[in-house]
Amino acid sequence: AGEKARALDVRMRTLGFHRFGEKHASILGEDTLRHFRRYMEGVNAYIRSGAKTFPLEFKLAGIQPKPWTAADSLAVGYYMSWASSANIRTEIVAQMLVEKLGMEKALEIFPLNVNPDDKGEKRAENWKKPIAFEKIGLTGDVAEMSFPYATGFQIGSNNWAVGPESSTGGKPIVANDPHLDARMLPGPWYPCGIITPEHRIVGVTVPGTPVFAVFRNADVAVGVTNAYGDSQDLYVETLDPDDPGRYMEGDRSYPFEVVEETLKIKDKKASDGFRTEKVVIRYTHRGPVVSNVLSGLNTDRVLTLRWAPYETMGESMGLEQVVLARSVEDIRKGIENVNWIGLNFVFADKAGNIGWHASGRLPIRSQGEATVPYVVGDGSDNWIDWIPFDKMPHSANPARGWVGTCNHKTVTADYAYYYSSHMSPSYRYRRLIELLDAEGKKSPEDHWRFQRDTLNLMAREIAPVMARALLDGEDTEAMGKILSEWDFKDRPEAAAPAVFQTVYRQFALLVFGDELGEDLANTMLNNWYFWQERLQEMVVEGSSEWFDNVETAGVVETRDDLFRRAALEMTAKLGPTLGKDPRKWQWGKLHQLEFVSPVRRKGFGKGWLGGGSHPMGGSGETLYRGLYKFNKPYMPAITASMRMVADLADDDKVMAVMPSGVTGRVFWPHTTDQIEAFM
């Protein structure tokens, strides 16, 4: 790919997915290795015999596939796991806020994470107590830390399982729609089946790995979401003043471990078409130096990254056990070995049992929470232990008759351990409660419909407040009327969701932009989970000092002033695109899901090779997910990467659909032939 891919290559080598994949492959137990070998034998048989039919990308890139190894599969697994470990973004934003505002003011807008099922104190994060902190001059944009066209840091998902009493077929039903960046054809999942005299398994794998993440076999069904357990910490290191090749812990000096990598970069000026470059990666015993390596993490200090999966490798991957499960107890035994990724597994068996259990090993930290980078002190290890598996969030056959997760805060206020400060707002889970707690038994088709539910509970709280403010302005009255008549469903043909989403986004910029400055405001706001519940609380309460623009001396702006200003600014900005009359706006004209080919991502031919743009309902707040990047509105980037409803009363089929197709072959019909059904 040339120079434009250099930074990405350095980033990947620094994080070391393949290097640690090789280390993990060396300790796998014989049962797991046998499972991997069978998979690799099939892949490598094709590599040896199928050169004439290799995908077009190999020819375009000028590379030949090498034999696939267990380390390759493990590297892919670690890559997916990294993309689900998102608390690092919250640490960085929190650090920047404290440096800009001071501790007391910054704590006012720290994340508010809510568990709707918590019968105790709903607001565990009051952030009254100052947290340990050292100024390090951190700058950058955490939005740039994600990998382009990869799973990104904003992955989410919905999953749930209902018991036999709530199902029309008298057996449990499991539903799952993992949310990823699925715009790149053919999407992140590979649907497949294993059919033998002993087993029938149908589901999806991550290409390159021999394990199912979402599946149904003859006895059980399993779905996953991101659990967002905090498995990452940034550390502020101190260089040895007498030797910059060493770092300090208390009074002791240690040498950096140094790993040298060689990059091979496409270069037309080079005699053989490539040039090489040496890259030096430094490690402490906690992890690699990532400051000024990870995009958006810029500082004069040395920051290292510690990540739990690298310290909790085992002989089993766990999922190769889960896929052969005959009961929920078998599933739990397998999940106990899934140390390499933090997921919420929801599952059921034909005996009528349902359950949920979070995977991954999370550290118990001496400082408690981990919401800003940790300053290395006397050299003692702040990771003092691991949360026991049976203390990880879980549930079994609850009285309500169902279990479900939507990336929300699943632990209660009395949970014994710090779990995470990066959690999805509770809107999707609250809506799931409304649907699944409703009277009556639900059919598989009902659950299929629930996955496409567009009721926006954030809008139900905020839009009436916004409407009243806009109705009070002569220039904004029409928009206020649209919102006042809205049923809060994000339909693509409706004007109200377009008004709400655009005005609320601009409102958020106005609330925070004056105190934070444009760059930091955008950095924080692009991390949706950091601020959404907090700003809603401020809007509903109505009198926050944050609504006043500190740059306008002698004038005190109110919440409603900002709503009206945001509406006028968006009318002027969107008029050329949607028209001057907001009653004729349509959410689907802004909110379009576009499928692109890796062969041609932009420019001439993109539409010809891709899957086109499609008006889409929903939003980041609805079960029918269409989350766009705050700084790149309003095209959805994170959506359902598949949908599955598995009825254990039906021995013959699984209901499922992919967002594009099931093959990565350019021009083949099965690359895009599920788009219409998916939409």
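Described below are features of the structure shown in this document. Computed from a predicted model, the values in this text were never measured in an experiment.

1. A few points about the sheet that holds strand E5 (residues 212-217)
Spatially, seven strands are ordered E3-E4-E5-E6-E13-E14-E18 in an open sheet, and the strand pairing comes out antiparallel. Of all strands in the sheet, those bounded by a partner on one side alone are strand E3 (190-195) and strand E18 (394-396). Within this sheet the neighbouring strands show an average axis-to-axis angle of 20°, counted without direction. In this structure, strand E4 (residues 200-205) lies alongside E5, joined through five bridges in antiparallel fashion. Within E5, the residue paired with Thr-205 across the bridge is Phe-212. Most of the contacts of helix H9 (residues 328-335) go to strand E13 (residues 343-349), to which it runs at about 160°, and overall it touches strand E6 (220-226), E13, strand E14 (354-358) and E18.

2. With respect to the packing of helix H14 (residues 496-516) against helix H16 (residues 528-541)
Here H14 crosses H16 at 85°, and the two axes come no closer than 12 Å. Judged by the inter-axis angle, H14 sits roughly perpendicular to H16. Residues Tyr-504, Phe-507, Ala-508, Val-511 and Phe-512 of H14 form the contact with H16, whose own contacting residues are Trp-531, Leu-535, Gln-536, Met-538 and Val-539. Partitioned by chemical class, the residues of the contact of H14 with H16 number nine nonpolar, one polar and no charged.

3. Describing the pairing of strand E1 (residues 156-162)
Judged by how many residues are buried, E1 sits mostly within the fold: seven of seven residues are covered. Going residue by residue along E1, you find Gly-156, Asn-158, Trp-160 and Val-162 tucked away on one face and Ser-157, Asn-159 and Ala-161 tucked away on the opposite face as well. Bridging between E1 and strand E2 (residues 173-180) involves seven bridges; their strand directions are antiparallel. Each bridged residue has a counterpart across the sheet, and for Asn-159 the counterpart in E2 is Asn-176. Alignment of E1 against strand E19 (residues 402-405), held across four bridges, turns out to be antiparallel. Bridging from a neighbouring strand, Trp-160 pairs with Gly-404 of E19.

4. Section: the nonpolar core
Judged by nonpolar contacts, the single largest core of 161 residues is most densely connected at Phe-500, Tyr-504, Phe-507, Met-524, Trp-531, Leu-535 and Phe-563. At 13 residues, H14 tops the list of elements feeding residues into this core. Formed by 15 residues, the second largest nonpolar core is a distinct cluster that contains Ala-175, Leu-435, Phe-450 and Met-655.

5. Let's talk about the packing of aromatic side chains
Tallied over the full model, the rule gives 35 aromatic pairs. Taken together, a centroid distance of 5.7 Å and an interplanar angle of 45° make the contact between Phe-54 and Phe-58 tilted. When its relative accessible area of 16% is taken as the criterion, Phe-54 is described as buried. Look at Phe-58 and you get partly exposed, because its relative accessible area is 28%.

6. Quick notes on the pattern of salt bridges
Applying the stated criterion to the full structure yields 37 salt bridges. Note that Glu-261 and Arg-13 form a salt bridge whose closest N and O atoms lie 2.9 Å from each other. One end of the pair, Glu-261, is in strand E10 (residues 257-266); the other, Arg-13, is in helix H1 (residues 6-15), with 248 residues separating them in the sequence. Residue classification places Glu-261 among the buried positions, given a relative accessible area of 17%. Using a relative accessible area of 23% as the deciding quantity, one classes Arg-13 as partly exposed. The closest approach of N and O atoms between Glu-108 and Lys-105, which form a salt bridge, is 3.4 Å. By relative accessible area, Lys-105 is classed as partly exposed at 23%.

7. Structural notes on the packing of H14 against helix H17 (residues 559-578)
Think of two packed helices as two axes; the pair is described by the angle between the axes and how far apart they sit. One can describe the packing of H14 onto H17 by two numbers: an axis separation of 8 Å at closest approach and a directional angle of 120°. In terms of their interaxial angle, H14 and H17 are classed as oblique. Both H14 and H17 take part in a crossing whose hand is right-handed. The segment H14 lies against H17, with Thr-502, Val-503, Tyr-504, Gln-506, Phe-507, Leu-510 and Val-511 engaging Arg-559, Leu-562, Phe-563, Arg-565, Ala-566, Ala-567, Glu-569, Met-570 and Leu-574. For the contact of H14 with H17, the per-class residue count stands at 11 nonpolar, two polar and three charged.

8. Some points on H16
Look at H16: 20 Å from first C-alpha to last across 14 residues, which is about the 20 Å you get at 1.5 Å a residue. Among the 14 residues in H16, 11 count as buried, and that is most of the element. Within H16, the full set of buried residues consists of Trp-528, Tyr-529, Phe-530, Trp-531, Gln-532, Glu-533, Arg-534, Leu-535, Gln-536, Met-538 and Val-539. Looking one or two residues beyond H16, the residue adopting positive phi is Gly-542, at roughly 95°.

9. Focus: the side chain of Asn-115
Along the chain, the position of Asn-115 falls in the loop between helix H7 (103-107) and E1. A relative accessible area of 3% means that Asn-115 is categorised as buried. At 3.2 Å, the side chain of Asn-115 forms a polar contact with the backbone oxygen of Val-411.

Procedures and definitions
Residues numbered from 1 in each chain as written. Predicted model: local features only at pLDDT ≥ 70, side-chain atom pairs only at ≥ 80, totals over all residues. Heavy atoms only, no water. Pairing = 2+ DSSP bridges. Helix = DSSP H or I, 4+ residues; strand = E, 2+ residues; numbered from the N terminus. Axes fitted to C-alpha atoms, helices over the stretch in contact; angles between N-to-C directions. Contact = heavy atoms within 4.5 Å. Parallel < 35°, antiparallel > 145°, perpendicular 65-115°, else oblique. Nonpolar A, V, L, I, M, F, W, Y, C, P; charged D, E, K, R; others polar. Buried < 20%, exposed > 50% of the residue type's maximum accessible area, 1.4 Å probe, protein only. Core = buried A, V, L, I, M, F, W, Y, C linked by side-chain atoms within 4.5 Å. Phe/Tyr/Trp six-rings, centres within 6.5 Å; stacked < 30°, edge-to-face > 60°. Salt bridge = Lys/Arg side-chain N within 4 Å of Asp/Glu carboxyl O. Left-handed = near helix turned anticlockwise from the far one by under 90°. Expected span 1.5 Å × (residues − 1). Polar contact = N/O pair within 3.5 Å; in protein donor to acceptor, adjacent residues only side chain to side chain.

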